[in-house]
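Given next are the chains, with one letter for each unit.
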Amino acid sequence: MTDTARRPRILADLTPLRTSVHYRRLWFGNTISWVGQGMTALAISLQVYDITRSTFAVGLVGLCSLVPLVAFGLYGGAIADTVDRRKLGLVSASGSAVLSAGLAVAALAGYHRVWFLYAIVALQAVCAAVNSPARSAMIPRLLPPEQLPAANALSSMMVTSGTLIGPMLGGLIVGFAGYQTAYLIDAVAFSASLYAMWRLPSMRPERTAGAKRASVLDGLRFLATRPNLRMTFFSDFCAMILAHPRALFPAVAVLWYDGDARTTGMLVAAPALGALLGGVFSGWQGRIRRHGLAILLAVGAWGTAIAVFGLTRNLWLGLFFLALAGAADTVSMVFRNTMLQAAAPDEMRGRLQGVFIVVVAGGPRLGDFLAGSVAGLTSPTVAVTGGGIACLLALSLLALRWRGFARYDARDPTA
């Protein structure tokens, strides 16, 4: 055995990028597209505020995105389990590119209407709700099962990079060249994703002979009979609903750290930076076989980090624990996604990814509402630390109720 083979891997495993040319194109294309989408998301928020001078109007942008994601996420998954996923990805990505081009044309023509921006945001969310299940369901067809954790870690880096880099570039471009330039760059950026999907082989779902048309209800019935897959969603709910303090960051910045908007920005960025680092240093994850146990430990680490963050009054210490929580969330996401891809038959993967979208989109928003409500009735400290403790308690009860989840073995994946 060589020294390289013996040496523990620390940095992200790039094997999927080296071994599969299709995956490599898809990853690079989607990374470029995510950066473009991050630019557009910030540019739209800035433009809405520029038109209305209302933070409430800016907040409605998120609602216009959330409702279609939740409403169409499940149906997008059902469509992905019915038609050629490659063609579905091409059509939905093309729709997103056309919408970004429409934003650019409107900005160039001086057409500044808030309702138009809201409508575009909603339609973009519909395209994303259809595209994401198709794209995620393609990955197990491009890579062997042992490379799925590495691929999902790379995907987390792709998403987090877009979330961090896209808004920064968007702010700079809007400041120097206007909204239309940011929108045009986003429209062009989609060409990378479109090219990658164009080069893919046909990706029709592997359905059993005589199987009826894929339906949302059949997907939910399947999930109801698979305790390990259900636990991947329940565990994420523990973190995202019970211990999600994002909505309290503006108040926390002032009350705990005597800060301002810049302090709030640091609090928001810390979990994202931790998530990115969790992806960069993800090489060890490919050696883990007990994926269920890894998820429980990662969600437990999230709850613990959030609870301790609620007790800190030193800004740098608080940022450290938020970054730690973000890294734990990446670990959880990698193994949850891997279980969904490995333990489910190909004909169900689109619908399960649709459920995943609904959970990822809806859970944090419910968490924002719960944290804000508890803080209003008590205090931010109670809401944050109490939320972290509630996450740990709920997770422990779930682990006791479904003990087989901790014994899940990737070498013999069972749903």
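So, how was this worked out
Residues numbered from 1 in each chain as written. Predicted model: local features only at pLDDT ≥ 70, side-chain atom pairs only at ≥ 80, totals over all residues. Heavy atoms only, no water. Helix = DSSP H or I, 4+ residues; strand = E, 2+ residues; numbered from the N terminus. Rg over C-alpha atoms; globule rule 2.2 N^0.38 Å. Contact = heavy atoms within 4.5 Å. Areas by Shrake-Rupley, 256 points an atom, 1.4 Å probe, with all protein chains shown as cover. Lys, Arg positive; Asp, Glu negative; His and termini not counted. Charge placed at Lys NZ, Arg CZ, Asp CG, Glu CD. 1 Å grid on protein atoms, 1.4 Å probe; cavity = no way out; pocket = protein on both sides within 12 Å on 5 of 7 lines; lining within 4 Å. Points joined across faces, edges and corners; volume = space filled by probe spheres on them. Nonpolar A, V, L, I, M, F, W, Y, C, P; charged D, E, K, R; others polar. Patch = residues over 30% accessible without salt bridge, like charges linked within 9 Å, V, L, I, M, F, W, Y side chains within 5 Å. Salt bridge = Lys/Arg side-chain N within 4 Å of Asp/Glu carboxyl O. Buried < 20%, exposed > 50% of the residue type's maximum accessible area, 1.4 Å probe, protein only. Phe/Tyr/Trp six-rings, centres within 6.5 Å; stacked < 30°, edge-to-face > 60°. Lys NZ or Arg CZ within 6 Å of the ring centre and 35° of its normal. Expected span 1.5 Å × (residues − 1). Disulfide = S-S within 2.5 Å. pLDDT = per-residue confidence, 0-100.

## Comments concerning the overall build of the chain
Line of reasoning, step 1. Across its full length, the chain carries 16 helices and zero strands.
Line of reasoning, step 2. Against the compact-globule benchmark of 22 Å for 415 residues, the chain has a radius of gyration of 21 Å, which places it among compact chains.
Line of reasoning, step 3. In terms of principal-axis extent, the alpha carbons of the chain reach across some 55 × 50 × 50 Å.
Line of reasoning, step 4. At a minimum sequence separation of 6, the contacts of the chain that also span at least 24 residues come to 86%.
Line of reasoning, step 5. With the model as given, the accessible surface of the chain reaches about 18,400 Å², and the carbon-plus-sulfur share is 69%.
Line of reasoning, step 6. Taken as two groups, the 35 positive and 18 negative side-chain charges of the chain have centres that lie 4 Å from each other.

## Quick word on empty space enclosed by the protein
Line of reasoning, step 1. Applying the stated criterion to the full structure yields one cavity of 30 Å³ or more.
Line of reasoning, step 2. Approximately 30 Å³ is the volume attributed to the largest cavity.
Line of reasoning, step 3. Every residue along the wall of the largest cavity is listed here: Leu-74, Val-216, Gly-219, Leu-220, Arg-351 and Val-355.
Line of reasoning, step 4. Mapped onto the lining of the largest cavity, the elements with two or more residues apiece are helix H9 (216-224) and helix H15 (346-377).
Line of reasoning, step 5. The leading source of residues in the lining of the largest cavity is H9, at three residues.
Line of reasoning, step 6. Grouping the constituent residues of the lining of the largest cavity by class yields four nonpolar, one polar and one charged.

## A closer look at a nonpolar patch on the surface
Line of reasoning, step 1. Together, Ile-10, Leu-11, Leu-273, Leu-277 and Phe-281 make up a nonpolar patch on the protein surface, roughly 470 Å² of accessible area in all.
Line of reasoning, step 2. By secondary structure assignment, the location of Leu-273 is in helix H12 (residues 261-280).
Line of reasoning, step 3. Given a relative accessible area of 44%, Leu-273 falls into the partly exposed group.

## Section: the packing of aromatic side chains
Line of reasoning, step 1. Per the counting criterion, the structure on display carries eight aromatic pairs.
Line of reasoning, step 2. Here the aromatic rings of Trp-27 and Phe-28 are separated by 5.0 Å at their centres, their planes lie at 85°, and the arrangement is edge-to-face.
Line of reasoning, step 3. Take Phe-28: its relative accessible area is 44%, and that puts it in the partly exposed class.
Line of reasoning, step 4. In this structure, Arg-86 packs its charged tip against the face of Trp-198, placed 5.4 Å from the ring centre.
Line of reasoning, step 5. When the ring centre of Trp-256 is taken as reference, the NZ or CZ atom of Arg-313 above it lies at 4.0 Å.

## Thoughts on helix H3 (residues 21-52)
Line of reasoning, step 1. Taking 1.5 Å as the rise per residue, H3 with 32 residues should run 46 Å; its terminal C-alpha atoms sit 47 Å apart, in good agreement.
Line of reasoning, step 2. Backbone geometry just after H3 places Arg-53 at a positive phi near 55°.

## Thoughts on the pattern of salt bridges
Line of reasoning, step 1. For the structure shown, the criterion picks out ten salt bridges.
Line of reasoning, step 2. A salt bridge links Arg-85 to Asp-81; its shortest N-O distance comes to 2.7 Å. Residues Arg-85 and Asp-81 agree in their burial class; the two are buried.
Line of reasoning, step 3. Between Asp-346 and Arg-349 there is a salt bridge whose closest N-O contact spans 3.1 Å. Linking Asp-346 with Arg-349, this pair stays in helix H15, spanning three residues, or about one helical turn. Accessibility assignment for this pair places Asp-346 and Arg-349 in one class, buried.

## A look at the state of the cysteines
Line of reasoning, step 1. Within the structure shown, the criterion is met by zero disulfides.
Line of reasoning, step 2. A disulfide-free cysteine, Cys-127 has its sulfur positioned 15 Å from the sulfur of Cys-64, the nearest such atom.
Line of reasoning, step 3. Judged by relative accessible area, Cys-127 falls into the buried class, the value being 15%.
Line of reasoning, step 4. Free of any disulfide, Cys-238 has its nearest neighbouring cysteine sulfur in Cys-391, separated by 5.6 Å.

## What to know about the confidence of the model for the chain
Line of reasoning, step 1. Per-chain confidence: the chain averages 89 in pLDDT, with 96% of residues scoring 70 or above.
Line of reasoning, step 2. Looking over the chain, one finds the lowest element-wise mean pLDDT in helix H1 (residues 3-6), namely 44, and the highest in helix H13 (residues 291-309), namely 97.
Line of reasoning, step 3. Note on residues 1-6: pLDDT under 50 across the span, and one contact to partners over four residues away in sequence or across chains.

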